[in-house]
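Next come the chains, spelled out residue by residue.
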Amino acid sequence: MHSSTASVDRVRPVGTKRSNKRDFIVNVFLRQEGHLSADDLVDLIRREDHRISRATVYRTLQWMVQNGIARKVDFGEGRFRFEHSYRHPRHFHLVCKSCGRSFEFLSSDIESLMEEVASVRRFEMGQTVLQIHGTCEACRTGHPQGAEKTTEMLFARDALRIAIATERSGRDFYARAARMTKNTRARTIFQRLSGEEVDHLNKLESRYEELLKQDADLESRPPFLFFKGAANGLFSAAASELNKVSSDLDALKIAIRCERGSYQFFKKYGERFEDSEGKRIFLEFADEERDHLNLLLGELRAYTEKRGRRPAASRGAHSARANA
Ligand SMILES: [Zn+2]
Ligand SMILES: [Zn+2]
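This is a predicted model, so every value here is computed, not measured.

(A) Region of the structure containing the environment of asparagine 183. Inspection of the secondary structure puts asparagine 183 in the loop between helix H7 (151–180) and helix H8 (184–213). Its 15 C-beta neighbours within 10 Å are what place asparagine 183 among the partly exposed residues. Note: C-alpha distance between asparagine 183 and leucine 249 (66 residues apart in sequence) is 9.9 Å.

Structure, rendered in structure tokens:
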């Protein structure tokens, strides 16, 4: 897994005997998926090198936590577990009481609720922990599920799905706006934006295809990101609003609201994520939405300046007549 190699390169200390041991422990840790207890890691290490002491493994785990390689999680079992932190997005957990496995997810809707509560209570948010305890599907049905994939892949897949859904609704929105407008200049802008959404869409779709090549079952794996009603609903709700507006200016304002909302959403989440493919997808998409927003804002300025000038010009005509 190339992410592991990258993080080991990043943190490799001077080549002392002790740091070689540390490298070895870090490598074994990064090869694992999921949430390991300290004792799980001790067992894995001692299977490969029985000379490494329990204390060394514990010390190295502490060191990994301090250096942002591992994150400590508490599933209420009376002991901590450890998961990858580097290139691993922040998330919530489903914890199975039967097999002890845990599964990761992230929901923007839950996060906004938490932010709302904290803000109303004037509480400065630090770490938030959310766990759903219960029984997993495999334990409930007796059908073992396929090997768990890295959260990073699921995250990239879901980030692309959200970006693709947003592009699709954006493309449809602009195509409809272009059909409805009576103003040639506005039509040109809307057509251009619709065209750009199609270009981006093609790029995102081929990136999605590339990702699927890395794992044949990727499409059917359970979702990681729950971003319901977040970004992908923005433009589709706005497309029906277009029927109710009477002027090109109103259509322009709706487009600006959508692009701004989309830009802010992808930027906010992109910046919060740890370094990963999913983060890059969010930030690149935010950049594209920002460009669209700036284009539309320029258009709005041109539109309002033109309108502002018209009464001034007619005033001029009146005064010219008055002088005559
Ligand atoms: Zn289970
Ligand atoms: Zn986790």
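There is more to say after this.
(B) Representation of the pairing of strand S4 (residues 92–96). Bridge analysis of S4 against strand S5 (residues 102–107) gives four bridges, and the strand direction is antiparallel. Pairing of phenylalanine 92 across the sheet is with phenylalanine 105, part of S5. The antiparallel pairing of S4 with S5 creates a hairpin that spans five residues between the two strands, and glycine 100 there sits at a positive phi of about 80°. Both S4 and strand S6 (residues 131–134) contribute to a ladder of four bridges, which runs parallel. By the bridge assignment for S6, valine 95 is matched with histidine 133.

(C) Quick look at the packing of H7 against helix H10 (residues 248–272). As a packed pair, H7 and H10 sit with axes 11 Å apart at the nearest point and diverge in direction by 170°. For the element pair H7 / H10, the angle class is roughly antiparallel. Only Ala251, Ala255, Cys258 and Ser262 of H10 make contact with H7, whose side of the interface consists of Thr166, Phe173, Ala177 and Met180.

(D) Representation of the sheet that holds S5 within the structure. Ordered by their spatial adjacency, four strands build an open sheet running S6-S4-S5-S7, and the pairing between neighbours is mixed. Edge strands, defined here as strands with exactly one partner in the open sheet, are S6 and strand S7 (225–226).

(E) The arrangement of the environment of arginine 59 in detail. Assignment of secondary structure puts arginine 59 in helix H4 (residues 54–66). You can call arginine 59 partly exposed: it has 15 C-beta atoms within 10 Å. Residues arginine 59 and arginine 22 lie 37 residues apart in sequence; the distance between their C-alpha atoms is 9.2 Å.

(F) Seen up close, the sheet that holds strand S3 (residues 80–84). Taking strand neighbours across the sheet as the criterion, the three strands line up as S1-S3-S2 in an open arrangement whose pairing is antiparallel. Each of the sheet's edge strands pairs with one partner strand only, and the pair in question is strand S1 (36–37) and strand S2 (70–74). When S2 meets S3, the two strands line up antiparallel, connected through five bridges. Looking at S3, one finds that alanine 70 is bridged to histidine 84. Of the strands in this sheet, S2 and S3 touch H4, which is tilted by about 105° from S2.

(G) Broad picture of the environment of isoleucine 52. Inspection of the secondary structure assignment puts isoleucine 52 in the loop between helix H3 (38–48) and H4. Residue classification places isoleucine 52 among the partly exposed positions, given that 17 C-beta atoms sit within 10 Å. For the pair isoleucine 52 and isoleucine 25, spaced 27 residues apart in the sequence, the C-alpha separation amounts to 9.2 Å. Ignoring sequence-local partners within four residues, the contact set of isoleucine 52 consists of Lys21, Ile45, Arg46 and Val57.

(H) The arrangement of the nonpolar core in detail. Core analysis: the largest hydrophobic core is formed by 38 residues, its most contacted members being Ala159 and Phe282. Secondary structure elements with two or more residues in this core: H7, H8, helix H9 (233–241), H10 and helix H11 (277–323). Looking at this core, the element that brings in the most residues is H7, giving 10 residues. Aside from chain neighbours lying at most four places away, what touches phenylalanine 282 is Ala159, Phe266, Tyr269, Gly270 and Phe273. Of all hydrophobic cores here, the second largest spans 15 residues; its members include Ile25, Val26, Ile45 and Phe82.

(I) Region of interest: the packing of H3 against H4. Where H3 meets H4, the axes come as close as 10 Å, and the angle between the chain directions of the two elements is 125°. One finds that H3 runs oblique with respect to H4. Seen from above, H3 lies across H4 with right-handed handedness. Listed contacts from H4 to Ala38, Leu41, Val42 and Ile45 of H3 are Arg54, Val57, Tyr58 and Leu61.

(J) Structural detail: unusual backbone geometry. A positive phi angle, near 50°, is found at arginine 122, a position not held by glycine. One can find arginine 122 in the loop between helix H5 (108–120) and S6. A tally of 6 C-beta atoms within 10 Å means that arginine 122 is categorised as exposed.

(K) Spatial organisation of H5. An ideal rise of 1.5 Å per residue puts 18 Å on 13 residues; H5 measures up with 18 Å between its terminal C-alpha atoms. With respect to burial, H5 is a largely exposed element, only one of its 13 residues being buried. Where H5 terminates, the next one or two residues include arginine 122, which has phi positive at roughly 50°.

Conventions used here
Residues take numbers from 1 onward in each chain, read along the sequence in its written order. A letter from A marks each chain and a number from 1 marks each ligand, given out in the order of writing. Thresholds applied to this predicted model are a pLDDT of at least 70 for local features of residues and 80 or more for the giving and counting of side-chain atom pairs; totals over whole chains, interfaces and linings are not thresholded and use all residues. For helices the rule is a DSSP run of H or I covering at least 4 residues; for strands it is a run of E covering at least 2, with both sets numbered from the N terminus onward. Exposed residues have 12 or fewer other C-beta atoms within 10 Å of their own C-beta, buried residues have 20 or more, and residues in between are partly exposed; the C-beta atoms are placed from the backbone. We treat two strands as partners when DSSP finds at least two bridges between them. Angles shown run from 0 to 180 degrees and are taken between the N-to-C directions of axes, each axis being a line fitted to C-alpha atoms and, for helices, limited to the stretch in contact. Any angle that is under 35 degrees is reported as roughly parallel, and any over 145 degrees as roughly antiparallel; angles of 65 to 115 degrees are reported as roughly perpendicular and all others as oblique. Any pair of residues counts as being in contact when their C-beta atoms, constructed from backbone geometry, are within 7 Å of one another. Residues of type Ala, Val, Leu, Ile, Met, Phe, Trp, Tyr and Cys that are buried and joined through C-beta atoms within 7 Å form what is called a nonpolar core. Crossing handedness: left-handed means the near helix sits turned counterclockwise from the far one by under a right angle, and right-handed means the same turn made clockwise. Helix span, expected: 1.5 Å multiplied by one less than the number of residues in the helix.

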